[in-house]
Amino acid sequence: MSLIGGIRPPIAVLSALLLTLAAITALVLGRVDDAGVPKAVLNSQQHFAEDGAIALRASIDESVKDVTRSAALFSAGQPVSGDAVLDKLGSTYEKWMGTAVVEVRSGKLVAARGETVPLTSMDLSTLSGEDGLAPRMVRLKNGEVRLLSFGLLTWPGKPQLLLVASRNLKFPGISLGQFRSIAVVDAGGTILSSDGIAEPESARNSIDRKDITDSRKQLKDFAEQAARRAKQDPRSSKEPGSGGYQGVSGSLLGGKLLGDRSVAGYATLAAAEPGETTTATGLGLSVVAMVKVTEESGGTQSPVFGLAAGAALLVVGALAVAVLLGTVQRPLIRLFLESRRLTRGDLTRPVTVPGYGEAHRIGGALERLRRQLLGESAEATGAAERPRGARRVGTRALLAICAVLLLAWAAPLMLLFNRADNTAEIPRQLVNDQRERTDTLSDRVRRALNEGDADLQSVASLIGDKTAPDAMEPVLERTYNENKRYRSLYVVDSSGEIKTREGKDPKVIRQNRVSDKPLRLLGRGGKEPVVVAVAEIPGRNGDRLIGEFRPEFFNALLTRPGLGVVRLVDDQNKVIAGNTGFLAFQSLPDQHLTDLVEASAQRLGKKPRPNGVLYRENGLRIAAAAPFSGSGSAESLHWSVVSWEPVDRLAIPEFDTQNRTVLAGLLGAAAAVACLGWLHIVVARPLRSLADRAEALAGGDRKTVLFPQHHDEVGAVTRSLELIRQQLQDQRKQQPRRTPPPRPSAPRQDPPEPYTPPSHPDPYPPQQYPPQQYTRN
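For the structure given in this document, a descriptive report is provided here.

About the thresholds
Residues numbered from 1 in each chain as written. Predicted model: local features only at pLDDT ≥ 70, side-chain atom pairs only at ≥ 80, totals over all residues. Heavy atoms only, no water. Core = buried A, V, L, I, M, F, W, Y, C linked by side-chain atoms within 4.5 Å. Buried < 20%, exposed > 50% of the residue type's maximum accessible area, 1.4 Å probe, protein only. Helix = DSSP H or I, 4+ residues; strand = E, 2+ residues; numbered from the N terminus. Contact = heavy atoms within 4.5 Å. Salt bridge = Lys/Arg side-chain N within 4 Å of Asp/Glu carboxyl O. Axes fitted to C-alpha atoms, helices over the stretch in contact; angles between N-to-C directions. Parallel < 35°, antiparallel > 145°, perpendicular 65-115°, else oblique. Nonpolar A, V, L, I, M, F, W, Y, C, P; charged D, E, K, R; others polar. Pairing = 2+ DSSP bridges. Patch = residues over 30% accessible without salt bridge, like charges linked within 9 Å, V, L, I, M, F, W, Y side chains within 5 Å. Areas by Shrake-Rupley, 256 points an atom, 1.4 Å probe, with all protein chains shown as cover. Expected span 1.5 Å × (residues − 1).

1. Considerations on the nonpolar core
Stage number 1. Core analysis: the largest hydrophobic core is formed by 55 residues, its most contacted members being Leu-324 and Leu-721.
Stage number 2. Those elements that provide at least two residues to this core are α1 (8-28), α5 (303-343), α6 (357-373), α7 (395-415), α12 (653-698) and α13 (713-734).
Stage number 3. Examining the composition of this core, we find that 15 residues originate from one element, α12, more than from any other.
Stage number 4. Membership of the second largest hydrophobic core comes to 39 residues, among which are Leu-456, Ile-463, Leu-489 and Leu-563.

2. Notes on the environment of Leu-369
Stage number 1. Position of Leu-369 relative to the elements: it lies in helix α6.
Stage number 2. Leu-369 gets classed as buried once you look at its relative accessible area, which sits at 0%.
Stage number 3. With 352 residues separating them in the primary sequence, Leu-369 and Leu-721 have C-alpha atoms 9.1 Å apart.
Stage number 4. Apart from the residues within four sequence positions on either side, Leu-369 is in contact with Leu-697, Ala-698, Leu-721, Ile-724 and Leu-728.

3. Some thoughts on the pattern of salt bridges
Stage number 1. Throughout the structure, instances matching the rule amount to 38 salt bridges.
Stage number 2. Of the charged contacts, one joins Asp-66 and Arg-69 as a salt bridge, the two residues approaching to 2.4 Å between their closest N and O atoms. Remark: Arg-69 and Asp-66 occur in helix α2 (residues 39-76); sequence separation between them is 3 residues, near one turn of the helix. Here Asp-66 and Arg-69 have matching classes, each one buried.
Stage number 3. One salt bridge in this structure joins Arg-69 and Asp-455, with 2.7 Å as the shortest N-O distance. With Arg-69 in helix α2 and Asp-455 in helix α8 (residues 428-463), this pair connects stretches of sequence that are 386 residues apart.
Stage number 4. Overall, the relative accessible area of 2% leaves Arg-69 in the buried class.
Stage number 5. Assessed through its relative accessible area of 0%, Asp-455 is described here as buried.
Stage number 6. The network of salt bridges with shared partners includes Glu-62, Asp-66, Arg-69, Asp-455 and Arg-485.

4. Side note on the packing of α2 against helix α9 (residues 469-482)
In helix packing, the relevant descriptors are the interaxial angle and the interaxial distance, both defined with respect to the helix axes.
Stage number 1. Taken N-terminus to C-terminus, the directions of α2 and α9 make an angle of 170 degrees; their axes are 11 Å apart at the nearest point. Overall, the two elements α2 and α9 adopt an arrangement that is roughly antiparallel. Of α9, the residues touching α2 (which contributes Lys-65, Arg-69, Ala-72 and Leu-73) are Val-475, Arg-478 and Glu-482.
Stage number 2. Classifying every residue of the contact of α2 with α9 by side-chain character gives 3 nonpolar, no polar and 4 charged.

5. Regarding the environment of Leu-405
Stage number 1. With respect to the helices and strands, the residue Leu-405 is situated in helix α7.
Stage number 2. Between the alpha carbons of Leu-405 and Gly-317 there is a distance of 8.0 Å; along the sequence they are 88 residues apart.
Stage number 3. Look past the residues within four positions of Leu-405 in its chain and what remains in contact with it is Val-316, Leu-319 and Ala-320.

6. Remarks on the sheet that holds strand β10 (residues 286-294)
Stage number 1. Taken in spatial order, the 5 strands of this open sheet run β7-β6-β10-β9-β8, and their pairing is antiparallel. If you trace the sheet from one side to the other, it starts and ends with β7 (191-195) and β8 (249-257), each paired once. For this sheet, the mean angle separating the axes of adjacent strands, direction not counted, is 20 degrees.
Stage number 2. As paired elements, strand β9 (residues 260-268) and β10 share 9 bridges and run antiparallel to each other.

7. Digging into the sheet that holds strand β22 (residues 640-646)
Stage number 1. Across the sheet, 5 strands lie side by side as β17-β16-β22-β21-β20; this open sheet has antiparallel pairing. Single-partner strands in this sheet number two, and they are β17 (575-578) and β20 (611-615). Each neighbouring strand pair of the sheet contributes to a mean axis angle of 20 degrees, computed without reference to strand direction.
Stage number 2. Pairing of strand β21 (residues 621-627) with β22, which is carried by 7 bridges, proceeds in the antiparallel orientation.

8. Considerations on the side chain of Glu-451
Stage number 1. With respect to the helices and strands, the residue Glu-451 is situated in helix α8.
Stage number 2. By relative accessible area, which is 18% here, Glu-451 ends up buried.

9. Considerations on a nonpolar patch on the surface
Stage number 1. A cluster of nonpolar side chains, namely Val-104, Leu-133 and Leu-152, defines an oily patch on the protein surface of about 180 Å² accessible area.
Stage number 2. Along the polypeptide, Val-104 turns up in the loop between β1 (98-103) and β2 (109-114).
Stage number 3. Of the residues examined, Val-104 reaches a relative accessible area of 31% and is grouped as partly exposed.

10. Some remarks on α6
Stage number 1. Over its 17 residues, α6 runs 25 Å from end to end, which matches the ideal 24 Å to within 8%, given 1.5 Å per residue.
Stage number 2. Gly-375, located one to two residues past α6, shows a positive phi value of around 120 degrees.

The structure is reproduced here in structure tokens:
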């Protein structure tokens, strides 16, 4: 018998699948998740740490790039004093704790601003070596860490100067909310900087002091665990196919304190694209974000449901398999044995005819053929008897009954049981995380716009009134290549006429190029928003440097895993950027989101506040909105970042249970459809065709050859019927043919006597043959 063509393999596979599914259903649906902290909360902390790592990496890389670019731009112009360099740098950028200019050869301090740059903690002689100007971290005497960035100031005939900028490792614009702390950790697990945990001296009582001490201890433990896990390969740190953050990231579960449990997320500093390296990624830093959440004890359901569902599947499956064995497999096996008995010549015993469907028809045809092999004619055995009543139930109907039995178990699991409705309990921490992450993302977009405006202001001030138009091209080319945020850079006069350009053709028409606003949004009514930054060039009679931002730059900023759909909207609540497909200047898809953005834009005190809310109408979803809030020219745009995510996509116990229940039902339905469809193809359909051919053979059709299509039970019965057909043909040939009786002859009349010729001998006398030579045997 063929392994895939017989009747036994589909039934055996169906039995094995149902047994396996019953065990999985009892174990998975009956599992009580007693972890206390939903996985969605842990995932949210991981995403929060990833946001912090992205913000810190971008801040470090931008800071280092600003120092080197500023030094290159100063070196391209006329020689200036160290104080002039630091004054211009400080008026353009406000990001460094301290700056200094040092003479390289002698080590003499030429100028300094801000806090004292820790030059004594570094060896100036190493600057001339390979990667001598690479940024480096220096620990101060008070334990704080500073990151030093370097740039060379070189003019012909002047001593070479070293521009040094010092900054801390604090996170720029990270919204921590309540009960959260964040830290920067080196490769050894040492905390370099932290925010969110108060000093023990600020505690009001012993309970607060113990809480602060325990929190610091827990954060230190998390930092050591994160440093150990950061050493693994990023591809092995996540589940296969999860994608997302390019570095190593994950979540950690800590201990309990006063009914709260500490959870944390960690992430290494990684580049935006796989395989890329930046200055920040080479420092070996990681970010750890810790928060205290209220632990919920107990599971979402009782294990009785899983056990009952598994037991019900065993009962239903046993009933379906019993129907298949008793009404499909056993009659077909009996037909196979009876047909083989007839081919061996055992004709004394009548054929046992099955009771239903095609098997009954084939069994009746075999009985008629048995009688014909004994000598009866096809007419004497009678016509084929048509089944009536229950005997008309065929194999297809039996398979349909089994399918109904199995789907009666699977359909309620897919549609009815364990459904998480709008009353499902959603952890408050998820709403807080959505709000704080949206606020962090809003601040990052605002800082990116401010950085772009500051870059243009720096380049415009360095161009000044002494740079010829031909000399502007190298400056614009350098700025364009170093900044991926611009699609076009160009210098225009007071009338808007372009003097020199780098990049793509401008989208801003001539009359809109000149403006006193540093940042503007143009292109309303078009297919693409145009964000423009303008910086006036001093001493050039109204000449301006204009930079047009790439739309992809903002879309890339808004791409964050775990935030759902993210949109950047203008002051009229029109969409201008997003992490998924959108139409420029379209409205938000829901009035609730529009109301949320407008409510967030209302000032509470000195500045607006981000808001987060859980909507239970038209499906559960978490939404948050955060307006631009902070200093810089971008604040005047009054833009906001809004995000929303359906709750059913999160790893919440209620929805996990629903998904597992639906999956069990889908697996049961798939097993039933696959195995019963297999049976219909290899058994039911060929058996129906065989019944017609068997009845035709029993009715006297001896010419049609019965050829088996498969080497299985149906094929074996077909081969037996073919042998019976051949035996009936041979039997017919061996029967003697009857000669017809002679016809009565008319009375003979004597003809007239013919003319008698003269007698002479006949040369050909007639021959006489014996009568037996005319007899046919």
